[in-house]
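Chain and residue survey
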Amino acid sequence: MRFQSYSSPRAHWSSCSQAARVKAHHFISVTACDEAFYSHAIEEYCLSKFKFDMDALGQRYWCEWEETVGSYGELTNCTFLIAEKLECYWPNRLVDEFFIGIHKLYFRNCSLSGRSLSDPPNSVLGPFIVVPILVTLLVTALVVWCSKRSEGII
């Protein structure tokens, strides 16, 4: 049989009060984020640097991950550092919306593999179009010729 130690109601109330204060502190620190200022700060500081880097890189290379990974990493780190400085939880809804906007603006035409999709050159594409057409015509002519020959028309 286990014996429980007796604690006074006052001691129990004190421990409950302390737990409530800790929870309140966490709630206040989580909700202390000024979302409007945070959104403005990441637009002003992080996005402006990313735009500069992407413009310097050139639109042709936006889908090349090896070329953009450095700037993208700096952008991610920037949003984290500002969130930390402003005591905002990271990642959060604003960061998600921010990066969705970045992807819609800069990476919407990129494939999942990271390379931009484009047609092959005409010297490669031409034979893949012309050869099946010629084979189809040749087989059709051969079938017609064989069918007329077996009937004795020719």
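Residues numbered from 1 in each chain as written. Predicted model: local features only at pLDDT ≥ 70, side-chain atom pairs only at ≥ 80, totals over all residues. Heavy atoms only, no water.

1. Concerning the confidence of the model for the protein
- Across the protein, pLDDT averages 79, with 73% of residues at or above 70.
- Across the protein, the element-wise mean pLDDT spans from 46 in helix H1 (residues 9–31) up to 93 in helix H2 (residues 35–57).
- This stretch, residues 1–17, has a pLDDT under 50; its non-local contacts, to residues over four places away or in other chains, come to one contact.
- Across residues 19–30, where pLDDT falls below 50, the model places two contacts with residues more than four positions away in sequence or in other chains. (pLDDT = per-residue confidence, 0-100. Helix = DSSP H or I, 4+ residues; strand = E, 2+ residues; numbered from the N terminus. Contact = heavy atoms within 4.5 Å.)

2. As for H2
- An ideal rise of 1.5 Å per residue puts 33 Å on 23 residues; H2 measures up with 31 Å between its terminal C-alpha atoms.
- When the local axis directions of H2 are compared, the greatest deviation, roughly 35 degrees, occurs at Leu47.
- Considered for burial, the residues of H2 that qualify are Tyr38, Ala41, Ile42, Cys46, Leu47, Phe50, Asp53 and Met54.
- The secondary structure elements touched by the buried residues of H2 are helix H3 (65–85) and helix H4 (93–106).
- Following H2 by one or two positions, Gly58 has its phi on the positive side, about 95 degrees. (Expected span 1.5 Å × (residues − 1). Bend = angle between axes of the 7 residues up to and from the residue. Buried < 20%, exposed > 50% of the residue type's maximum accessible area, 1.4 Å probe, protein only.)

3. A short note on the side chain of Asn92
- The topology assignment puts Asn92 in the loop between H3 and H4.
- Within polar-contact distance, the side chain of Asn92 engages the backbone oxygen of Tyr89 at 2.7 Å.
- At a separation of 2.8 Å, a polar atom in the side chain of Asn92 contacts the main-chain amide nitrogen of Val95. (Polar contact = N/O pair within 3.5 Å; in protein donor to acceptor, adjacent residues only side chain to side chain.)

4. Some remarks on the packing of H3 against H4
- As a packed pair, H3 and H4 sit with axes 11 Å apart at the nearest point and diverge in direction by 160 degrees. Compared by their axis directions, H3 and H4 come out roughly antiparallel. At the point where H3 passes H4, the crossing takes the right-handed sense. Packed against H3, whose contacting residues are Tyr72, Leu75, Thr76 and Thr79, the element H4 presents Val95, Phe98, Phe99, Ile102 and His103 at the interface.
- Counted by class, the contact of H3 with H4 contains six nonpolar, three polar and no charged residues. (Axes fitted to C-alpha atoms, helices over the stretch in contact; angles between N-to-C directions. Parallel < 35°, antiparallel > 145°, perpendicular 65-115°, else oblique. Left-handed = near helix turned anticlockwise from the far one by under 90°. Nonpolar A, V, L, I, M, F, W, Y, C, P; charged D, E, K, R; others polar.)

5. Here's the deal with the packing of H2 against H4
- Where H2 meets H4, the axes come as close as 11 Å, and the angle between the chain directions of the two elements is 30 degrees. The orientation of H2 with respect to H4, classified from their angle, is roughly parallel. As H2 packs across H4, the resulting crossing turns out to be right-handed. Listed contacts from H4 to Glu35, Tyr38, Ser39, Ile42, Glu43, Leu47, Phe50, Lys51 and Met54 of H2 are Arg93, Leu94, Val95, Phe98, Ile102 and Tyr106.

6. A closer look at the pattern of salt bridges
- Considering all chains together, one arrives at four salt bridges under this definition.
- Across the pair Glu74 and Lys49 runs a salt bridge, and its minimum N-O distance is 3.4 Å. In this pair, Glu74 is assigned in helix H3 and Lys49 in helix H2, connecting sequence segments 25 residues apart.
- Note on Lys49: relative accessible area 41%, which makes it partly exposed.
- The closest approach of N and O atoms between Glu97 and Arg93, which form a salt bridge, is 3.4 Å. With a gap of four residues between them, Glu97 and Arg93 both fall in helix H4, about one helical turn apart.
- Each member of the salt-bridge network shares a partner with another, and the members are Glu35, Arg93 and Glu97. (Salt bridge = Lys/Arg side-chain N within 4 Å of Asp/Glu carboxyl O.)

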